[in-house]
Amino acid sequence: MRLTEEQAQVRDMVRRFADEAIRPVAGELDETERFPAEIYARMAGLGLFGIAIPAELGGAGLDTLSYALVMEELSRGYASVADQCGLVELIATLLSRHGTPAQRERYLAPLLRGERRCAYAITEAEAGSDVAGIRTTATRTPEGWRLDGGKLWIHNAPVCDFAVVLARTDPEAGRRGMSILIVDADRPGFSRGPKERKMGQRASQVGALHFDGVELPADALLGQEGRGFHTMMSVLDKGRVGIAALAVGIAQAGLEAAVGYARQRRQFGKAVAEFQGLQFMLADMAKDVQAARLLTWDAAQKLDAGEPATMACSMAKCAAGDVAVARTADAVQVFGGSGYIRGFEVERLYRDAKICQIYEGTNQIQRSIIARELLRQAEQGG
């Protein structure tokens with residue numbers, strides 16, 4: 001599986017940016033948990049927002065595989081930064097596919113220029129993996145909509161300028177009774193909960209959003225009324241490719257750190273890299289990272305080709321998340337006691353990796369999707 005010249009150039013450009021602008025401040029960002037505003041602005045200037053969004057709509061006009069390459073290299077620098085790229089890509093995909101010209105002008109264009117920050121608001125106390133359990137409601141009014149409810153653990157909630165919110169517009173219609181509304185953060189009745197203190201990816205801020213009778217105009221509706229669930233789900237395959245690539249980036253950074261340390265650390269008169277037990281550990285790290293990377297590329301290429309890709313995307317996300325957790329644990333082991341100390345990169349990478357098994361659908365959900373697709377294919381084949 002080879003990259004085109006353009007794809008390789010994109011990867012190399014982002015790798016240089018990550019080495020020069022992201023990795024040197026990753027430790028400080030993790031410690032302070034601040035939003036990386038200066039990096040956010042530079043990413044927009046480099047065209048890293050909207051990688052696979054059509055050029056005529058302000059995006060880079062590249063393919064999903066290029067997006068995966070960008071996500072991996074940004075994450076190799078610091079996963080919280082890659083999270084911003086992934087979030088913009090998802091919201092921009094929704095706006096580019098389903099937004100009206102006015103919505104694209106008001107939200108998509110400034111989002112891709114880095115002038116506005118977005119949030120993707122689905123999760124609630126009773127609705128995580130089971131999206132059908134949401135209770136936030138949007139009721140019709142003479143002027144448009146009235147939004148009531150709240151969302152939990154929302155990426156960018158503490159800093160967003162607007163949120164794309166999934167709400168019930170017909171309580172009796174189940175999944176067919178959900179719609180998407182675009183909500184500006186300066187609307188009366190819109191408020192934020194405190195920023196959550198997370199285990200990892202700490203500069204990717206997460207919090208709650210509250211909607212207390214938020215009045216919205218009729219044109220706040222994104223896409224068709226009653227199609228919100230299906231519209232949100234339509235971008236999840238792309239989102240899972242992004243998280244898979246992010247996980248690969250974390251694992252790759254752990255591998256590089258482990259190899260570098262093993263070559264310089266000496267015990268019993270020689271570098272620990274010369275001990276076969278440790279060599280086997282490094283070899284297993286390398287093969288698993290490459291396997292996860294190739295699964296991610298395969299899923300991205302299926303999306304680009306318009307082929308059925310749900311199982312491939314779930315495989316990539318599940319495998320890469322598991323590899324990131326297992327192999328950053330190995331990186332900590334290679335470092336020994338040093339790897340357990342705050343301030344060492346591998347300690348942060350280990351913490352950053354865990355969420356990759358949880359968000360964009362837990363890895364248990366991914367396994368259920370894979371099994372369901374396998375059984376469906378077997379039934380069709382029979």
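Look above for the structure.
Everything quoted here is computed from the prediction, not taken from an experiment. (Residues numbered from 1 in each chain as written. Predicted model: local features only at pLDDT ≥ 70, side-chain atom pairs only at ≥ 80, totals over all residues. Heavy atoms only, no water.)

A. Broad picture of the environment of A21. Positionally, A21 belongs in helix α1 (residues 5-32). Overall, A21 belongs to the buried group, its relative accessible area being 11%. Measuring from C-alpha to C-alpha, the distance between A21 and L216 comes to 39 Å, with 195 residues separating the pair along the chain. Excluding its chain neighbours within four sequence positions, the residues that come into contact with A21 are I39 and R42. (Helix = DSSP H or I, 4+ residues; strand = E, 2+ residues; numbered from the N terminus. Buried < 20%, exposed > 50% of the residue type's maximum accessible area, 1.4 Å probe, protein only. Contact = heavy atoms within 4.5 Å.)

B. How the structure looks around the pairing of strand β7 (residues 206-217). Bridge count between strand β3 (residues 144-155) and β7: 10 bridges; the pairing is antiparallel. When the bridges of β7 are listed, G150 appears paired with H210. Strand direction decides the pairing type here: strand β6 (residues 190-192) and β7, joined by 3 bridges, are antiparallel. Bridge pairing in β7 links F190 to F211. (Pairing = 2+ DSSP bridges.)

C. View of the pattern of salt bridges. Within this structure, the stated rule accounts for 36 salt bridges. With a closest N to O distance of 2.9 Å, E345 and R23 form a salt bridge. Note that E345 is positioned in helix α10 (residues 345-354) and R23 in helix α1, a separation of 322 residues in sequence. On the basis of relative accessibility, which here comes to 24%, the residue E345 falls in the partly exposed class. We note a salt bridge from R327 to D330, for which the minimum N-O separation is 2.4 Å. Placement of both R327 and D330 in helix α9 (residues 310-335) is noted, with a separation of 3 residues, approximately one turn of the helix. The same class applies to R327 and to D330, which are both buried. Shared partners join several salt bridges into a network, and the residues in it are R15, D19, R23, E73, R76, E256, E345, R348 and D352. (Salt bridge = Lys/Arg side-chain N within 4 Å of Asp/Glu carboxyl O.)

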